[in-house]
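A structural walkthrough
In case you want the letters, here they are:
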Amino acid sequence: MFQRDLGIDLGTANILVYLKGEGIILNEPSVIAINDNGSIVAVGEEAKEMVGRTPGNISASRPLKDGVIADYETTVKMMKYFIDKSKKSRYFSSKPRVVVCAPTCVTSVQIRAYKNAAKQAGAKEVYIIEEPFAAAIGANLPVSEPVGSMIVDIGGGTTEVAIISLGAIVISETLKVGGDEMDRIIESYIKKKYNLLIGERTAEKLKINLGCALVPEEETTFNIRGRDIVSGLPKSLAVKSHEIHEALADIIKQISDIVKRTLEQCPPELSGDIIERGVVLTGGCALLARLAEYLQAEIRTPVFVAEDALNCVAIGTGRALENIAVLR
């Protein structure tokens, strides 16, 4: 048994665990199912399958909301499960050092909650890294150089925009909307337009299959099932791509507005760097069809989706393990 370090991307939608020297070893939904007596029924992918399908004595939930810990005790249980699972699969000492990423908007009280939760879950030492900074490292941006790099990380609970230079965040803005809010908007849209109740998993499928930041060039459809509000009976529906574009238009504009607001605060020299180097998108919702194209037209600056955008935060958190001394 020997000392190993873990990087944890404690996301609203997914938890990713990075093992120093190996890379990402776990990637599962941030969902936990708990029995009435407090015992864990399932965690991760298995628990996500239970959402909306549990009996009265089991509760399947996400203990993180808007990028921060909403249910402390449940978060501890979930983190302990993932840390224990990492230890069993790789055989290392019982008390790993852990780097956890957190949104830039967190308070000192919330940072303490992150650290205490990780320690209760089995960590020996805990360090915090800001989420957009981790995303920039994971996207291979030159964060330590005297040039401006701009990152837009669109996760499950938050959208974080940051301008980074010389190893620090110069300006940052946080919008408490992300992929989860997009799912809720789609649920509401389908309910209002068709009197059809659907679950978050169905809404997520619509977002992935039909979501587009610009008006779709070709109309496509996706079949869903839900419960008719009027009759109370199951019902099938073919949803069109322009409808999901319409549903998401407002939230996409909010993301555009926060990017513009951040650029307006940028020092002139760094603005020049960003125009030259472009803006990089990371996070699961960076993969929304034609989002980079939409933002590029809005801010008149090149916009690119990072390679492996979904895992950039976890990769950056893991790479930060190489510089534990700096994190201290």
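Nothing here was measured: the structure is a model prediction, and the numbers come from that model.

Observations concerning the packing of aromatic side chains
Considering all chains together, one arrives at one aromatic pair under this definition. Their ring planes at 80 degrees and their centres at 5.3 Å tell us that tyrosine 81 and phenylalanine 82 sit as a pair that is edge-to-face.

What about the pairing of strand β12 (residues 159-165)?
The buried fraction of β12 is high, at seven of seven residues. Across the two faces of β12 the burial is the same, with Thr159, Val161, Ile163 and Ser165 and Glu160, Ala162 and Ile164 all buried. One ladder, built from six bridges, connects strand β11 (residues 149-154) with β12; its direction is antiparallel. Across the sheet, the residue bridging to methionine 150 is isoleucine 163, located in β12. The hairpin turn running from β11 into β12, its antiparallel successor, is four residues long. With seven bridges joining them, β12 and strand β13 (residues 168-175) adopt antiparallel strand pairing. Within β13, the position partnered with isoleucine 163 by the bridge is isoleucine 171. Hairpin connection, β12 to β13: the antiparallel pair is bridged by two residues, and leucine 166 has positive phi, about 50 degrees.

So, the nonpolar core
Membership of the largest hydrophobic core comes to 66 residues, with the highest contact counts inside it found for Ile151, Ile190 and Leu206. Per-element accounting of this core gives the leading share, eight residues, to helix α7 (residues 241-264). Setting aside residues up to four positions removed in sequence, isoleucine 190 forms contacts with Asn195, Leu196, Ile198, Leu206, Ile224, Leu237 and Val239. Among the nonpolar cores identified, the runner-up in size contains 30 residues, and Leu26, Ile34, Val68 and Met79 belong to it.

Structural notes on unusual backbone geometry
Residue leucine 166 is not a glycine yet carries a positive backbone phi of 50 degrees. Note that leucine 166 resides in the loop between β12 and β13. Relative accessible area serves as the criterion here: at 58%, leucine 166 is assigned to the exposed category. The backbone of aspartate 308 sits at a positive phi, close to 55 degrees, despite the residue not being glycine.

Some points on the UniProt feature "binding site: ATP" (unreviewed entry) in the protein
When the UniProt feature table is mapped onto this chain numbering, "binding site: ATP" (unreviewed entry) sits at Thr12, Ala13, Asn14, Gly156, Gly157, Thr158, Glu204, Lys205, Leu206 and Lys207. Overall, the relative accessible area of 23% leaves glutamate 204 in the partly exposed class. Sequence-distant contacts of glutamate 204, defined by excluding residues within four places in its chain, comprise Lys48 and Asp183. Side-chain polar atoms of glutamate 204 contact the side chain of lysine 48, separated by 3.3 Å. If you trace the backbone, lysine 207 turns up in helix α6 (residues 200-210). The class for lysine 207 is buried, based on a relative accessible area of 11%. Those residues in contact with lysine 207 that lie beyond four places of it in its chain are Gly179, Met182, Asp183, Ile186, Cys285 and Leu288.

A word on the pattern of salt bridges
Overall, the coordinates contain 18 salt bridges when judged by the stated rule. The salt bridge involving glutamate 28 is made with lysine 85; its shortest N-O contact spans 2.7 Å. Residue glutamate 28 is found in strand β3 (residues 23-29), and its partner lysine 85 is found in helix α2 (residues 72-90); the two are separated by 57 residues along the sequence. In this structure, glutamate 173 engages arginine 261 in a salt bridge whose closest nitrogen and oxygen atoms are separated by 3.9 Å. You can see glutamate 173 sitting in strand β13 and its partner arginine 261 sitting in helix α7, a full 88 residues away along the chain. Each of the salt bridges in this network shares a partner with another, and the network as a whole consists of Asp5, Lys20 and Arg97.

Remarks on the packing of helix α5 (residues 179-194) against α6
At a closest axis distance of 8 Å, the pairing of α5 and α6 adopts a crossing angle of 100 degrees. As far as their axial angle goes, α6 and α5 are roughly perpendicular. Taking contact as the criterion, the partners of Gly179, Met182, Asp183, Ile186, Glu187 and Ile190 in α5 are, on α6, Glu200, Ala203, Glu204, Leu206 and Lys207. Counted by class, the contact of α5 with α6 contains five nonpolar, one polar and five charged residues.

Thoughts on the packing of α5 against α7
Relative to each other, α5 and α7 sit at 140 degrees, their axes nearing to 9 Å. By the angle between their axes, α5 is oblique relative to α7. For the pair α5 and α7, the crossing hand works out as right-handed. Between α5, through Glu181, Met182, Ile185, Ile186, Tyr189, Lys193 and Tyr194, and α7, the contact on the second element is made entirely by Glu243, Ile244, Glu246, Ala247, Leu248, Ile251 and Ile255. Its residues assigned to classes, the contact of α5 with α7 comprises 10 nonpolar, no polar and four charged.

Describing helix α3 (residues 108-120)
Its 13 residues give α3 an end-to-end C-alpha distance of 18 Å, which sits within 8% of 18 Å, the value for a rise of 1.5 Å per residue. Remark: glycine 122 follows α3 within two positions and exhibits a positive phi of approximately 120 degrees.

Reading the values: the criteria
Residues numbered from 1 in each chain as written. Predicted model: local features only at pLDDT ≥ 70, side-chain atom pairs only at ≥ 80, totals over all residues. Heavy atoms only, no water. Phe/Tyr/Trp six-rings, centres within 6.5 Å; stacked < 30°, edge-to-face > 60°. Buried < 20%, exposed > 50% of the residue type's maximum accessible area, 1.4 Å probe, protein only. Helix = DSSP H or I, 4+ residues; strand = E, 2+ residues; numbered from the N terminus. Pairing = 2+ DSSP bridges. Core = buried A, V, L, I, M, F, W, Y, C linked by side-chain atoms within 4.5 Å. Contact = heavy atoms within 4.5 Å. UniProt positions renumbered as here; feature names shortened; annotations may be inferred. Polar contact = N/O pair within 3.5 Å; in protein donor to acceptor, adjacent residues only side chain to side chain. Salt bridge = Lys/Arg side-chain N within 4 Å of Asp/Glu carboxyl O. Axes fitted to C-alpha atoms, helices over the stretch in contact; angles between N-to-C directions. Parallel < 35°, antiparallel > 145°, perpendicular 65-115°, else oblique. Nonpolar A, V, L, I, M, F, W, Y, C, P; charged D, E, K, R; others polar. Left-handed = near helix turned anticlockwise from the far one by under 90°. Expected span 1.5 Å × (residues − 1).

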